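# Survey of secondary and tertiary structure
Below, each chain spelled out in residue letters.
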Amino acid sequence: MTKYTRGEFIAEYGELNLIWGYEDITHVVVEGVKATVYADTEIFSVFSMAQCPSTGKWVLHGKYKMYKHTGDYKHRTSYYVMGTLHREDGPALRAVFNNNMIEHMYYNMGELHREGAPAHIIMRSNGEIIEEKYYINGECHREDGPAVTLFYGDKISKQWYHHGEPYEPNLTKRALCQ
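The residue numbers shown here count from 1 along each chain, following its written sequence. Reporting in this predicted model follows two pLDDT cut-offs: at least 70 for local features of residues, and 80 or more for side-chain atom pairs to be given and counted; totals over whole chains, interfaces and linings ignore these cut-offs and use all residues. Each side-chain value is derived from all of the structure's non-hydrogen atoms; neither hydrogens nor water enter the calculation.

It is worth spelling out the pattern of salt bridges at this point. We count a salt bridge whenever a side-chain nitrogen from Lys or Arg sits within 4 Å of a carboxyl oxygen from Asp or Glu. Scanning the model with the defined rule gives four salt bridges in all. For Asp-89, the salt bridge goes to Arg-87, with nearest N and O atoms at 2.9 Å. Three exposure classes are used, based on accessible area relative to the maximum for each residue type with a 1.4 Å probe and protein chains only: buried under 20%, partly exposed in between, and exposed over 50%. For Asp-89, a relative accessible area of 64% corresponds to the exposed category. As a salt-bridge pair, Arg-142 and Asp-144 come within 3.1 Å of each other at their nearest N and O atoms. With relative accessibility at 16%, the residue Arg-142 sits in the buried group. A relative accessible area of 65% places Asp-144 in the exposed class.

Below, the structure is given as structure tokens:
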């Protein structure tokens, strides 16, 4: 186990795009490939990292959990494979906002992606859906219904997208391809 100041950690491992913007970080404790980031005595975040074989740079690899209140978030959990947001068995990013809204985002190697279900979901803490968006390979897309649905109380807004391009639902798929 090695304890680093913020500056020492950045010098040794790079910023990993995690701690450079948070001035209240005081030190980082590293055990193997697991790092625990502190703001005074509070745990700010915990993450796993790996050294990229091709570049030699240290990158996020595995679970990243942010505990400390930052901006709009109460806490956030994300999953990485060699520095890229990715998870096969659930959302790669799950955030709980200060207003208790919950956000789930499904990523496949850095791109929003989920087949047969929305890749981006925002809901209330009771599970009520506020917003859902379908993505395939980073493009807003859905074959069998609206790709974006927004729920405003008793009003619903629907938007259709085909490979990232908006369209009106009364157009046939053949017309979209021309």
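Turning next to the pairing of strand S12 (residues 120-123). Alternating positions in S12 separate into two faces, His-120 and Ile-122 on one and Ile-121 and Met-123 on the other, with burial throughout. Two strands form a pair only when DSSP identifies at least two bridges running between them. Numbering goes from the N terminus for both helices and strands, where a helix is a DSSP run of H or I of at least four residues and a strand is a run of E of at least two. Taken together, the four bridges between S12 and strand S13 (residues 129-133) define a ladder with antiparallel strand orientation. Across the sheet, the residue bridging to His-120 is Lys-133, located in S13.

Before going further, it helps to spend a moment on the side chain of Glu-131. With respect to the element layout, Glu-131 can be found in strand S13. Contacts described as polar in this section are N or O atom pairs within 3.5 Å, which, within protein, must combine one atom able to donate a hydrogen with one able to accept it, while residues neighboring in sequence count only if both atoms come from side chains. A polar contact is formed between the side chain of Glu-131 and the side chain of Lys-133, at a distance of 3.3 Å.

Quick look at the nonpolar core now. In terms of nonpolar packing, the biggest core is built from 39 residues, with Phe-9, Val-30, Phe-47 and Met-49 touching the most fellow members. In terms of residue count, the dominant contributor to this core is strand S8 (residues 93-97) (four residues). Residues belong to a common nonpolar core when they are buried Ala, Val, Leu, Ile, Met, Phe, Trp, Tyr or Cys residues joined through side-chain atoms within 4.5 Å.

Turning our eyes to something else, we now look at helix H1 (residues 6-13). Burial in H1 covers these residues: Arg-6, Phe-9 and Tyr-13. All buried residues of H1 lie within an arc of 65 degrees about the axis, which places them on one face of the element. In what follows, residue pairs with any heavy atoms lying within 4.5 Å of each other are defined as contacts. Those residues of H1 that are buried lie in contact with strand S1 (2-5), strand S2 (27-31), strand S4 (42-51) and strand S5 (58-66). Two residues or fewer after H1 comes Gly-14, characterised by a positive phi angle close to 85 degrees. As used here, the arc belongs to the directions running from the helix axis to the C-beta atoms.

Take unusual backbone geometry next. Positive phi, close to 45 degrees, is recorded for Met-82, a residue that is not glycine. If you trace the backbone, Met-82 turns up in the loop between strand S6 (73-81) and strand S7 (84-85). Of note in this structure, Asn-137 is not a glycine but carries a positive phi near 50 degrees. Note on placement: Asn-137 falls in the loop between strand S14 (135-136) and strand S15 (139-140). Taking the relative accessible area as the measure of exposure, Asn-137 reaches 45% and is therefore partly exposed.

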